[in-house]
Protein chains: 2
Amino acid sequence: MRRSSAETKAVILAAARERFAADGYDKATIRAIAADARIDPAMVMRYFGTKEKLFAAAAEFDLELPELAPDQAGAGLVRHFLRKWEADEGLQVLLRTGVTNEAAAERMRTIFGGQVMPLVIGLTGDPERAPLRASLVASQLLGLALSRYILKFPPMVAATEEELIAWLSPTVQRYLTE
Amino acid sequence: MRRSSAETKAVILAAARERFAADGYDKATIRAIAADARIDPAMVMRYFGTKEKLFAAAAEFDLELPELAPDQAGAGLVRHFLRKWEADEGLQVLLRTGVTNEAAAERMRTIFGGQVMPLVIGLTGDPERAPLRASLVASQLLGLALSRYILKFPPMVAATEEELIAWLSPTVQRYLTE
DNA sequence: GTGGAATGTCAACGGCCGTTGGCCTACAAT
DNA sequence: ATTGTAGGCCAACGGCCGTTGACATTCCAC
């Protein structure tokens, strides 16, 4: 079969995202990704050069945090995070990989440092404690993703979006505004 | 060098725990563990049979949850969890590994289901909502470990034990007692 | 002191990995 | 119709892995 360069690249990237999200960095092999994309492993190298560069491309990610009213920021953040997780594999890629791969952990730090912290500063006008506040928020949101989507604790899997929002919003709200 | 069987087994197990905790299942190779233990890789197989069985032995773990007064359970749990994490590599092994290894994820589920849930039932006398409560507690505590010890978000690393207890206790307390 | 079990080493196996270089093959411009 | 080029394939490399079996060494019981 014959495709345009851009098409092939996109197909490979989609397969890579799925594999990295499902298996983590090491178990997601170039060969498996290539098989998913119905293409020779050599093509992956041609288009991305190296497994690390392919991963870097697959881990591109933007939290796309919305503007939030200060008194509803907690609920808004939890809801946005849950939906973002389910709609975009990027977060899964980063979490599955960041645990055993220092480069991915570094990217996670910059994403949360660069995207959550400014939001917190804007919401609280408290630049001094904002880094800790943002990290506390991140700890609860990532713990949610970990227990619900990765470790699959049955009660977390069974809970509805609304239940989770109801339970977690006050926590996040308090971390944001004391 | 010549050692007793039990000594050697213990040395291998200690090396395995360190490697699994630092690197996760795949990157912690039998060869590296054997090198740490200053022994031939074949000995690891002799004593443990298989990499999976070695892992199972290295991932033995008991949370050792203490008895807690209901109104101080939040603070007690956070403090206990922080100290347990730093004193015992078992939790690190499970978290680093559970993210990409289904067997470790299953063990994590049984540990939290079998140890945290009974504690929550005892504290609240509310068997119906206890599973969700326990999972919420777990989500915050695991999120704490993830952001502080694995991803190493700088503000979480810099925070003192007392600061973290002060911030997280109300969260855990609320998950436990509404 | 000699035999045998326990402890430890060594070399090799088959397998999967990332990566490379050469070779086809379809297509578009001439 | 010819040719250049871009898309794709194939076979192979060196490396590391878990695992195995044969071989060496130490120790203890008799």
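Nothing here was measured: the structure is a model prediction, and the numbers come from that model. (Residues numbered from 1 in each chain as written. Chains lettered and ligands numbered in written order. Predicted model: local features only at pLDDT ≥ 70, side-chain atom pairs only at ≥ 80, totals over all residues. Heavy atoms only, no water.)

1. Observations concerning the overall build of chain A
Note the threshold: Helix and strand definitions here come from DSSP, where helices need a minimum of 4 consecutive H or I residues and strands a minimum of 2 consecutive E residues; each element is numbered from the N-terminal end. Classification of residues uses two cut-offs on accessible area relative to the type maximum, computed with a 1.4 Å probe and protein chains only: under 20% is buried, over 50% is exposed, and between them is partly exposed. Contact criterion: two residues are considered in contact whenever any of their non-hydrogen atoms come within 4.5 Å of each other. By the counting scheme adopted, Arg and Lys are positive, Glu and Asp are negative, and His together with the chain ends is not counted. Each charge is placed at NZ for Lys, CZ for Arg, CG for Asp and CD for Glu.
Counting its regular elements, chain A contains 10 helices and 0 strands. Secondary structure of chain A in N-to-C order comes out as α-α-α-α-α-α-α-α-α-α. With respect to the principal axes defined by its C-alpha atoms, chain A has extents near 55 × 35 × 30 Å. A total of 178 residues make up chain A; the buried ones form 51% of that total. By sequence separation, contacts in chain A at least 24 residues apart represent 66% of the contacts at least 6 residues apart. Across chain A, 22 positive and 23 negative side-chain charges occur, with their mean positions spaced 7 Å apart.

2. Here's the deal with the interface of chain A and chain B
Selection criterion: Two parts placed together each lose some accessible area; with a 1.4 Å probe, that loss summed over both constitutes the buried area. Whenever Lys or Arg places a side-chain nitrogen within 4 Å of a carboxyl oxygen from Asp or Glu, that contact is recorded as a salt bridge.
Every contact between the two is made by 43 residues of chain A and, on the other side, 43 residues of chain B. Summing both partners gives a buried area of about 3700 Å² for chain A against chain B, and 70% of it is carried by carbon and sulfur. Counting across the chain A and chain B interface gives 0 salt bridges. Looking at the side of chain A that touches chain B, the elements that each hand over two or more residues are α1 (5-27), α6 (89-98), α7 (102-124), α8 (130-150), α9 (154-158) and α10 (161-177) of chain A.

3. Quick look at the packing of α6(A) against α7(A)
All names here are of chain A. To keep things clear, this is the line we draw: To get an axis, fit a line to the C-alpha atoms, keeping to the stretch in contact for a helix; angles then go from 0 to 180 degrees between the N-to-C directions. If an angle is under 35 degrees, it is roughly parallel; if it is over 145, roughly antiparallel; if it lies from 65 to 115, roughly perpendicular; otherwise it is oblique. Working rule for handedness: look at the near helix, and if it is turned counterclockwise from the far one by less than a right angle, call the crossing left-handed; if clockwise, right-handed.
For the pair α6 and α7, interaxial distance at closest approach is 8 Å and the crossing angle is 130°. By the angle between their axes, α6 is oblique relative to α7. Like other packed secondary-structure pairs, α6 and α7 cross with a definite hand, here left-handed. Between α6, through Leu91, Leu94, Leu95, Thr97 and Gly98, and α7, the contact on the second element is made entirely by Ala104, Ala105, Arg107, Met108 and Ile111.

4. A look at the domain arrangement of chain A
Residues and elements named next belong to chain A. Defined as follows: Boundaries of every domain are those given by an automatic assignment or by a domain database. By the criterion applied in these results, polar contacts are pairs of N or O atoms within 3.5 Å in which, for protein atoms, one can donate a hydrogen and the other can accept it, and in which residues neighboring in sequence qualify only through two side-chain atoms. Each residue is assigned to one of three groups, with Ala, Val, Leu, Ile, Met, Phe, Trp, Tyr, Cys and Pro labelled nonpolar, Asp, Glu, Lys and Arg labelled charged, and all others, Gly among them, labelled polar.
Looking at the assigned domains, one finds that chain A contains domain 1 (5-58) and domain 2 (70-177). Computed from C-alpha coordinates alone, the two centres of domain 1 and domain 2 are separated by 27 Å. The partner domain 2 presents 8 residues to the 9 residues of domain 1 that form the contact. Summed over the shared surface of domain 1 and domain 2, the number is 0 salt bridges. Inspection of the region where domain 1 meets domain 2 yields 3 residue pairs in polar contact (both at pLDDT 80 or more). Of all the secondary structure elements, the ones that give two or more residues to the side of domain 1 that touches domain 2 are α1 and α4 (51-58). Tallied by class, the residues present in the side of domain 1 that touches domain 2 amount to 6 nonpolar, 1 polar and 2 charged.

5. Structural notes on the relation of the copies chain A and chain B
The condition that has to hold: Least-squares superposition aligns the copies on the C-alpha atoms of those residues with pLDDT at or above 70 in both.
Mapping chain A onto chain B leaves a residual RMSD of 0.0 Å; the transformation is a rotation of 180° accompanied by 0.0 Å of translation along its axis. Both copies are brought into coincidence by an operation consistent with a two-fold rotation axis. If distances are taken from each C-alpha of chain A to the rotation axis, the shortest is found for A:Gly143, at 1.8 Å. Of all interface residues in chain A, 100% are interface residues in chain B too; the two copies therefore contact each other through one and the same surface.

6. Things to note about the protein's contact with DNA strand D
Rule in force here: Residue proximity to a molecule or strand is established when one non-hydrogen atom of the residue lies within 4 Å of it.
Surveying the vicinity of DNA strand D reveals 20 residues, the closest of which are A:Arg3, A:Ser5, A:Thr8, A:Arg46 and B:Arg31. A breakdown of the atoms of DNA strand D within 4 Å of the protein gives sugar and phosphate a share of 53%. Contact between DNA strand D and A:Ser5: a phosphate oxygen at 3.4 Å from a main-chain N or O atom of the residue. Within the backbone of B:Lys51, a nitrogen or oxygen atom sits 2.9 Å from a phosphate oxygen of DNA strand D. Only α1 and α3 (41-48) of chain A together with α2 (30-36) and α3 (41-48) of chain B provide two or more residues apiece to the surface near DNA strand D. The element that contributes the greatest number of residues to the surface near DNA strand D is α3(A), accounting for 4 residues. Each residue belonging to the surface near DNA strand D can be placed in one class, and the counts come to 8 nonpolar, 4 polar and 8 charged.

7. Looking at α10(A)
Every α-helix winds through 3.6 residues per turn, so residues three or four apart in the chain are directed the same way. We count it as follows: Take the number of residues in a helix, subtract one, and multiply by 1.5 Å to get its expected span. Bend at a residue means the angle formed by two fitted axes: the first through the 7 residues ending at that position, the second through the 7 residues beginning there.
When the terminal C-alpha atoms of α10(A) are compared, their 23 Å separation across 17 residues agrees well with the 24 Å that a helix rising 1.5 Å per residue should span. A:Leu168 marks where α10(A) bends most, by close to 35°; the proline A:Pro170 follows one to four residues later. Three or more residues of α10(A) are buried, namely A:Leu164, A:Ile165, A:Trp167, A:Leu168, A:Ser169, A:Thr171, A:Val172, A:Gln173, A:Tyr175 and A:Leu176. In this structure, the buried side of α10(A) is in contact with α5 (73-87), α7, α8 and α9 of chain A together with α8 (130-150) and α10 (161-177) of chain B. Positioned one or two residues after α10(A), A:Glu178 has a phi angle of 75°, which is positive.

8. Looking at the side chain of A:Thr8
Residue and element names in this part refer to chain A. Looking at the secondary structure, you find threonine 8 in helix α1. Threonine 8 gets classed as buried once you look at its relative accessible area, which sits at 6%. Residues in contact with threonine 8, not counting those within four places in the same chain, are Arg3, Ile39 and Tyr47.

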